[in-house]
Amino acid sequence: MTAPGRAPRSGRPSLRVERELQRAGHRVLAGMDEVGRGALAGPVSVGVVVIDETCRSAPAGVRDSKLLTPAARGAMVPRLQRWALAHAVGHALPAEIDQVGIIAALRLAGRRALAQLPVVPDLVLLDGNHDWLTDPEEVGLLAEIAGGPSTPPVRTMIKADLRCSSVAAASVLAKVERDARMVELDREHPQYGWADNKGYSASAHLDALTAHGACVQHRRSWALPGVGVIAPRLVGDDDGACGDDALVAGTTSGGRPR
């Protein structure tokens, strides 16, 4: 039997770890992963996929989103949504990243994803070695913004997106939704080439920052290449949210009838 945290022999994600955690008492299990953490512009997005013992093997071909082509990711979304017990994607906007920092913004996006679910997971399986989802104090600015109950227990796992089908599925849902949002934002700010670079530090994006400066969709509290740190627009400023109320709330969620 493979111990939790050990990669499956096939090198492909499986439900082996999830099944062991379910046998240990965590029947309703949520895989969670983030995308956009290292981008210079756009939201940071967190996907969550919930499974229970009725969810059989994940759809063939599911992988960490970074290992799939855009076409393959897009084609996989409806299959993953049908497979999962429930699913959602939450976001934190650039202005919120500026206001609370990237780790707290990840937590905010993760909580928004969890808040959309029709079920409460017994455990969240989180990619990486740092539990950014749990706020140990539940006070301060983040609590004021997010509100709601505390998060479920969390189990972190290095390379969970490569090992665990639920986490790989969450990464695909988050990646597809965030990429689509960056394509939309490219129409509003075409000079930065976001339809191609999705807000990351590609050369065309860096050149555009030097030529045009930063816009409201940039993380202005960061040392942006060619620009440096700009006084951030905080949540609640007239143009800080830039019409992204729907994105803040999250735009994809669902679950199978139970």
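Source: prediction; values computed, not measured.

### Describing the side chain of Asp186
Along the polypeptide, Asp186 turns up in helix 7 (residues 165–188). Lacking a salt bridge, the buried Asp186 has Arg187 as its closest oppositely charged neighbour, with an N-O distance of 6.7 Å. Residues contacting Asp186, with those up to four places away along its chain left out, are Gly193, Trp194 and Ala195.

### What to know about the pairing of strand 3 (residues 86–92)
Among the seven residues that make up strand 3, seven are buried, leaving the element largely enclosed by the rest of the structure. Side-chain alternation along strand 3 places Ala86, Ala88, Gly90 and Ala92 on one buried face and His87, Val89 and His91 on a second face that is also buried. Both strand 2 (residues 44–51) and strand 3 contribute to a ladder of seven bridges, which runs antiparallel. In the strand pairing of strand 3, Val46 is matched with Gly90.

### Observations regarding the nonpolar core
Counting 53 residues, the largest nonpolar core has Met32, Val48, Val49, Val50, Leu80 and Trp83 as its most contacted members. Elements represented by at least two residues in this core include exactly helix 1 (16–23), strand 1 (29–35), strand 2, helix 2 (70–83), strand 3, helix 4 (102–116), strand 4 (123–127) and helix 7. Within the second largest apolar cluster, 10 residues are counted, among which are Leu40, Met182, Leu185 and Leu209.

Criteria and thresholds
Residues numbered from 1 in each chain as written. Predicted model: local features only at pLDDT ≥ 70, side-chain atom pairs only at ≥ 80, totals over all residues. Heavy atoms only, no water. Helix = DSSP H or I, 4+ residues; strand = E, 2+ residues; numbered from the N terminus. Buried < 20%, exposed > 50% of the residue type's maximum accessible area, 1.4 Å probe, protein only. Lys, Arg positive; Asp, Glu negative; His and termini not counted. Salt bridge = Lys/Arg side-chain N within 4 Å of Asp/Glu carboxyl O. Contact = heavy atoms within 4.5 Å. Pairing = 2+ DSSP bridges. Core = buried A, V, L, I, M, F, W, Y, C linked by side-chain atoms within 4.5 Å.

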